[in-house]
Amino acid sequence: MRRRTRSASHCPMARPGIDGGRAPREERKRKRRGGPTTERRAESYGPKRPRGAPAGTPAEVEERADYFDGLPDDLVVSVLSKLSSSARRPLDLISALLTCKRFHGLGHHPLVLSKVSAGCLGVRANTWSDSSHRFLKRCADCGNLEASYMLGMIRFYALENRGSGASLMARAAIGSNPAALYSLSVIQFNGSGGSKNDKDLRAGVALCARAAFLGHVDALRELGHCLQDGYGVRRNVAEGRRFLVQANARELAAAMTSWPAWQKQPRQAAAAAGATSPGCCPLLSDYGWNVPAPAPHPANRFLVEWFRERGWPAAASAEGLRLCSYSGCGRPETRRHEFRRCSVCGVVNYCSRACQALDWKLSHKSECVPTDLQALDGDGAPAGDDGPPAVDGAAGTD
């Protein structure tokens, strides 16, 4: 008996309207559950999101966007350069570099390091390390004149590397750094790092004149005393007096700028008589005003702290070397009897006439006592005079 087969029209897979029987099993299951079809799902969820794109609506994505990553590197370097040039202490720049990895990388850009200010480069002697040395060296290599001067002073006087220190200061002086020019003039006046025969007074006066032209107050004062005494230059008392008055005027302008409240200070009659207010000195005796003592340069502050930690001047007395008696200088002798002593008392000694004039007004005027009667008849002046006594150049013998 012949077996009857089911007709194709009775086969559910071949019924028209169900995608010709080719619908996938997942689609059929979705239909039985009542879920959306492929077409309806595409309409409800929108276009497919590319791989790696942030999830969420466009408004949410825009809210979470980090616009700092989109800034160009040149703009970030320019901002960091402004920060480094205006920073007053190293912590200001270090805090910015530790903010993120990008700041840390771009903070070592040569343009940023070349703009670092003197206050930001002002390392302290108690925190001196190889990393501090490398940072100053890297800034100097990037063309930072202040870093070249500071590292030169530290190497020349503190680390006793005379050649390298002098070359770094000369590099800063070529770039017209006033402090470097004045320091090199002091080296030329004293023959520091060599013998007495290495003194070059004319070179010292030329360097000092260049620094004075750039507005360095100590150089103006040094040049004025050189002209008054005929030291390394033809004597001209009137011109020397003019430079000294100009130095006082610049000091007055600096004090008024840094301390606005000082402008309201009334004129004190006691200042003209030599009396000083607490923390002030009558450097402007020409105008009868007391001004705050000038803040030392970070390089000089480093030298003062460096030798103080090593027991100077008591530790140096056995070797016969002395420090400059002005508390804001810190320069030591590189050979015995290099500095000149006070011609009245013979106790204090100075690396320059500018340091002697500052120390005379600050403290030595009330402490200077002649050792004998001959000191009052010579070049020195008694302690009550307005001007400082002359320094005795005869002491600078080897």
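Keep in mind the model is a prediction, meaning the values are calculated, not measured.

K.L.:
Tell me what's going on with helix α17 (residues 353–367), and back it up with residues and numbers.
P.N.:
In this model, α17 (15 residues) spans only 18 Å end to end at C-alpha, well below the 21 Å of a helix rising 1.5 Å per residue. In terms of residue burial, α17 counts as a mostly covered element, since 11 of its 15 residues are buried. Buried within α17 we find Arg-353, Ala-354, Cys-355, Gln-356, Ala-357, Leu-358, Asp-359, Trp-360, Lys-361, His-364 and Lys-365.

K.L.:
So what's going on with the environment of Pro-296? Which residues, and what values?
P.N.:
Structurally, Pro-296 is set in the loop between β2 (289–292) and α16 (298–309). Exposure remark for Pro-296: the relative accessible area of 44% places this residue in the partly exposed category. With 34 residues separating them in the primary sequence, Pro-296 and Gly-330 have C-alpha atoms 9.7 Å apart.

K.L.:
Go over the nonpolar core with me, naming the residues and quoting the values.
P.N.:
Core analysis: the biggest nonpolar cluster contains 69 residues, and Trp-128, Tyr-149, Phe-302 and Cys-324 have the highest contact counts within it. Element by element, the count of residues in this core is highest for helix α9 (residues 145–158), at 9 residues. Discounting chain neighbours no more than four positions away, the residues touching Trp-128 are Val-123, His-133, Leu-136, Leu-151, Ile-154, Leu-159, Phe-302 and Trp-306. Counting residues in each nonpolar core, the second largest holds 6 residues, with Val-76, Leu-80, Phe-103 and Leu-106 among its members.

K.L.:
Account for the side chain of Asn-190, naming residues and giving values.
P.N.:
In this structure, Asn-190 sits in helix α11 (residues 178–190). Contacts of Asn-190, omitting those with residues within four sequence positions, involve Lys-199, Arg-335, Glu-338, Phe-339, Arg-340 and Cys-351.

K.L.:
Before we move on, could you go through the packing of helix α12 (residues 201–213) against helix α13 (residues 217–229) and cite the residues and values that matter?
P.N.:
Where α12 meets α13, the closest approach of the two axes is 8 Å, and the angle between their N-to-C directions is 135 degrees. If you check the angle between α12 and α13, you find them oblique. Remark: the crossing between α12 and α13 carries left-handed chirality. Where α12 abuts α13, its residues Val-205, Cys-208, Ala-209, Ala-211 and Ala-212 lie against Ala-219, Leu-220, Glu-222 and Leu-223. Among the residues forming the contact of α12 with α13, the class breakdown is 8 nonpolar, no polar and 1 charged.

K.L.:
Mind laying out the packing of aromatic side chains, listing which residues take part and the relevant values?
P.N.:
The full count for this structure, using the stated rule, is 4 aromatic pairs. When the ring of Phe-189 is compared with that of Tyr-231, the centres are 5.8 Å apart and the planes differ by 50 degrees; the resulting orientation is tilted. Of this pair, Phe-189 sits in helix α11 while Tyr-231 sits in the loop between α13 and α14 (237–258); the two residues are 42 residues apart in sequence, bridging distant segments of the chain. Exposure remark for Tyr-231: the relative accessible area of 16% places this residue in the buried category. Aromatic side chains Phe-302 and Trp-306 sit 5.6 Å apart centroid to centroid with 25 degrees between the ring planes, which places their arrangement in the stacked category. With Phe-302 and Trp-306 both in helix α16 and 4 residues apart, this pair spans about one turn of that helix. For the pair formed by Phe-302 and Trp-306, the shared burial category is buried. Through pairs of rings, three or more aromatic residues link up here, namely Trp-128, Phe-302 and Trp-306. Sitting over the ring of Phe-156, Arg-162 keeps its end group 5.4 Å from the ring centre. In this structure, Arg-353 is placed above the aromatic ring of Tyr-231, and the distance from its NZ or CZ to the ring centre is 4.1 Å.

K.L.:
Tell me about the environment of Ile-94, and please be specific about residues and values.
P.N.:
Structurally, the position occupied by Ile-94 is in helix α5 (residues 90–97). Residue classification places Ile-94 among the partly exposed positions, given a relative accessible area of 44%. Distance in space between the C-alpha atoms of Ile-94 and Ser-84 is 9.7 Å, their sequence separation being 10 residues.

K.L.:
Let's hear about the pattern of salt bridges: which residues, and what values?
P.N.:
Applying the stated criterion across every chain, the model contains 10 salt bridges. Lys-137 serves as the salt-bridge partner of Asp-141, at 2.8 Å between the closest nitrogen and oxygen. Placement of the pair is Asp-141 and Lys-137 together in helix α8 (residues 130–141), with a separation of 4 residues, close to one helical turn. Of the residues examined, Lys-137 reaches a relative accessible area of 30% and is grouped as partly exposed. For Arg-353, the salt bridge identified is with Asp-229, shortest N-O distance 3.0 Å. Of the two residues, Arg-353 sits in helix α17 while Asp-229 sits in helix α13, which places them 124 residues apart along the sequence. The exposure class of Arg-353 is buried, given its relative accessible area of 8%.

K.L.:
Lay out unusual backbone geometry in plain terms, naming residues and giving numbers.
P.N.:
The backbone phi angle of Glu-160 is positive, close to 60 degrees, even though this residue is not glycine. Positionally, Glu-160 belongs in the loop between α9 and α10 (162–174). Among the residues examined, Glu-160 registers a relative accessible area of 56% and is labelled exposed.

K.L.:
Could you give an account of the packing of α11 against α12, with specific residues and numbers?
P.N.:
Orientation of α11 relative to α12, taken along the N-to-C sense of each, is 165 degrees, at an axis distance of 8 Å. Relative to α12, the element α11 lies roughly antiparallel. At the point where α11 passes α12, the crossing takes the left-handed sense. Contacts between α11 and α12 involve Pro-178, Leu-181, Tyr-182, Leu-184, Ser-185, Gln-188 and Phe-189 on the former and, on the latter, Leu-201, Ala-203, Gly-204, Val-205, Leu-207, Cys-208, Arg-210 and Ala-211. Residues of the contact of α11 with α12, tallied by class, amount to 11 nonpolar, 3 polar and 1 charged.

Reading the values: rules and limits
- Residues numbered from 1 in each chain as written.
- Predicted model: local features only at pLDDT ≥ 70, side-chain atom pairs only at ≥ 80, totals over all residues.
- Heavy atoms only, no water.
- Helix = DSSP H or I, 4+ residues; strand = E, 2+ residues; numbered from the N terminus.
- Expected span 1.5 Å × (residues − 1).
- Buried < 20%, exposed > 50% of the residue type's maximum accessible area, 1.4 Å probe, protein only.
- Core = buried A, V, L, I, M, F, W, Y, C linked by side-chain atoms within 4.5 Å.
- Contact = heavy atoms within 4.5 Å.
- Axes fitted to C-alpha atoms, helices over the stretch in contact; angles between N-to-C directions.
- Parallel < 35°, antiparallel > 145°, perpendicular 65-115°, else oblique.
- Left-handed = near helix turned anticlockwise from the far one by under 90°.
- Nonpolar A, V, L, I, M, F, W, Y, C, P; charged D, E, K, R; others polar.
- Phe/Tyr/Trp six-rings, centres within 6.5 Å; stacked < 30°, edge-to-face > 60°.
- Lys NZ or Arg CZ within 6 Å of the ring centre and 35° of its normal.
- Salt bridge = Lys/Arg side-chain N within 4 Å of Asp/Glu carboxyl O.

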